[in-house]
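What follows is the residue order along each chain.
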Protein chains: 2
Amino acid sequence: MEKQTATQVFESLSSGIRLDIYRLLVKRGLEGMVAGQIASALDLPPNNASFHLKGMTHAGLVSVAQEGRYQRYRANLPLMLELIAYLTEECCAGHPEQCAEIRADSCCPEAILPPITQD
Amino acid sequence: MEKQTATQVFESLSSGIRLDIYRLLVKRGLEGMVAGQIASALDLPPNNASFHLKGMTHAGLVSVAQEGRYQRYRANLPLMLELIAYLTEECCAGHPEQCAEIRADSCCPEAILPPITQD
DNA sequence: TCAACTATACAAGAATTATTGAAATATACA
DNA sequence: TGTATATTTCAATAATTCTTGTATAGTTGA
């Protein structure tokens with residue numbers, strides 16, 4: 001993954017509005033939502049929702065498909081998986097035993113580890 | 001996880017410099033790096049590195065421990081795991097069969113799925 | 001074609017963030 | 001105590017992003 005792709009995705013999710021949009025779309029899965037639905041679900045002016053959706057689309061975080069006069073948006077879950085891989089690339093290089101258990105648990109987001117202790 | 005925590009983490013990673021810092025620290029694992037090392041590794045003015053590290057620390061993305069006159073920074077990996085759980089909360093609600101395979105593969109970041117097809 | 005509807009594009013001001021240089025704080029060591 | 005080192009804080013400017021209102025483009029169905 002290119003660094004610019006990663007920063008664009010993170011920039012997209014750094015706004016409360018865009019984070020709400022993304023999580024809403026993740027919940028909807030393959031069904032997705034059309035722009036107007038998103039705007040009214042989150043009580044946003046349609047042009048503001050459109051502004052944020054444009055940025056998210058450009059970052060690849062959501063996809064858009066035209067349906068007549070509607071625009072249907074869907075979350076791009078695979079991109080999130082690529083992003084996680086990018087972040088943990090070469091994790092704990094040189095000391096694989098350190099992060100073995102961390103990466104193992106990262107396979108099950110439900111299992112949250114306690115914070116790293118500071119020596 | 002609180003929404004504000006999530007947006008702060010994403011905001012932290014939305015800058016190329018901070019993303020570089022985070023990935024550098026992930027590679028170092030528990031060993032971490034002191035501020036000066038980080039600045040010279042990334043060819044940054046020390047005060048600029050400090051500026052970004054402060055924000056990342058406030059977001060919880062990195063932790064800091066004093067070692068004499070040095071400040072040692074470490075990546076907070078568990079927070080990233082919480083974040084992933086937060087993002088995929090109620091994923092594909094109502095149609096669990098849709099995302100079953102996606103979530104299964106999310107357990108192994110190496111396996112990247114093709115983009116979601118748009119109907 | 002016309003009117004209603006959906007959505008995006010554009011422009012302007014407010015607000016936020018980034019970068020740099022200079023100064024300050026704190027620790028280490030002779 | 002005095003000097004050097006490590007890091008942070010502060011101030012000022014530059015750059016970017018957010019929000020709102022208005023205008024434009026495309027689609028639908030009478």
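Residues numbered from 1 in each chain as written. Chains lettered and ligands numbered in written order. Predicted model: local features only at pLDDT ≥ 70, side-chain atom pairs only at ≥ 80, totals over all residues. Heavy atoms only, no water.

Novice: What's the story with the nonpolar core in this structure? I'm lost.
Specialist: As a rule of thumb, soluble globular proteins bury nonpolar side chains together. Counting residues in hydrophobic clusters, the biggest one holds 54 residues, and the most contacted among them are Leu13 and Tyr22 of chain A together with Leu13 and Tyr22 of chain B. Residues within four places of Tyr22 of chain B in sequence aside, it is in contact with Leu87 of chain A together with Leu13, Met56, Leu61, Ala75, Asn76, Leu77 and Met80 of chain B. (Core = buried A, V, L, I, M, F, W, Y, C linked by side-chain atoms within 4.5 Å. Buried < 20%, exposed > 50% of the residue type's maximum accessible area, 1.4 Å probe, protein only. Contact = heavy atoms within 4.5 Å.)

Novice: What is the right way to read the packing of aromatic side chains from this model?
Specialist: The relation between two aromatic rings is expressed through the spacing of the ring centres and the mutual angle of the planes. The final tally for this structure, using the stated rule, is 1 aromatic pair over all chains. A cation over an aromatic ring shows up here: Arg23 of chain B above the ring of Tyr86 of chain A, its NZ or CZ 3.7 Å from the ring centre. (Phe/Tyr/Trp six-rings, centres within 6.5 Å; stacked < 30°, edge-to-face > 60°. Lys NZ or Arg CZ within 6 Å of the ring centre and 35° of its normal.)

Novice: How should the sheet that holds strand E1 (residues 33-34) of chain B be read in this particular structure?
Specialist: Whether parallel or antiparallel, the strands of a sheet pair through hydrogen bonds between backbone atoms. All names here are of chain B. An order of E1-E3-E2 is seen for the 3 strands of this open sheet, with the pairing classed as antiparallel. For this open sheet the edge positions go to E1 and strand E2 (62-67), each flanked by a neighbour on one side alone. Across 2 bridges, E1 lies against strand E3 (residues 70-75) in antiparallel orientation. Bridge assignment links Met33 to a residue of E3, and that residue is Tyr73. Helix H4 (residues 46-59) rests against E2 and E3 of the sheet, and its axis sits at about 115° to E2. (Pairing = 2+ DSSP bridges. Helix = DSSP H or I, 4+ residues; strand = E, 2+ residues; numbered from the N terminus. Axes fitted to C-alpha atoms, helices over the stretch in contact; angles between N-to-C directions.)

Novice: Just to check I follow, could you spell out the protein's contact with DNA strand D for this structure?
Specialist: Near DNA strand D there are 21 residues, and of these Asn47 and His52 of chain A together with Gly36, Ser50 and Tyr73 of chain B occur at the shortest range. Counting only the atoms of DNA strand D that lie within 4 Å of the protein, the sugar and phosphate share comes to 71%. One of the backbone N or O atoms of Arg69 of chain A is found 3.5 Å from a sugar or linking oxygen in DNA strand D. Of all the secondary-structure elements, those providing two or more residues to the surface near DNA strand D are helix H2 (16-28) and helix H4 (46-59) of chain A together with helix H3 (35-41), H4 and E3 of chain B. Residues that form the surface near DNA strand D fall into these classes: 8 nonpolar, 9 polar and 4 charged. (Near = heavy atom within 4 Å. Polar contact = N/O pair within 3.5 Å; in protein donor to acceptor, adjacent residues only side chain to side chain. Nonpolar A, V, L, I, M, F, W, Y, C, P; charged D, E, K, R; others polar.)

Novice: When you look at the protein's contact with DNA strand C in this model, what are you seeing that I'm missing?
Specialist: Contacts to DNA strand C come from 21 residues, most closely from Gly36, Ser50 and Tyr73 of chain A together with Arg18 and Asn47 of chain B. Near-protein atoms of DNA strand C (within 4 Å) split between backbone and bases, with sugar and phosphate holding 74%. Between Gly36 of chain A and DNA strand C, the recorded distance is 2.7 Å, taken from a backbone N or O atom to a phosphate oxygen. Separating a phosphate oxygen of DNA strand C from a side-chain N or O atom of Arg18 of chain B is a distance of 2.9 Å. Considered class by class, the residues forming the surface near DNA strand C number 8 nonpolar, 9 polar and 4 charged.

Novice: I would appreciate a short explanation of the environment of Gln4 of chain B in the present structure.
Specialist: You can see Gln4 of chain B is positioned in helix H1 (residues 3-13). For the pair Gln4 of chain B and Ala59 of chain B, spaced 55 residues apart in sequence, the C-alpha to C-alpha distance is 9.2 Å.

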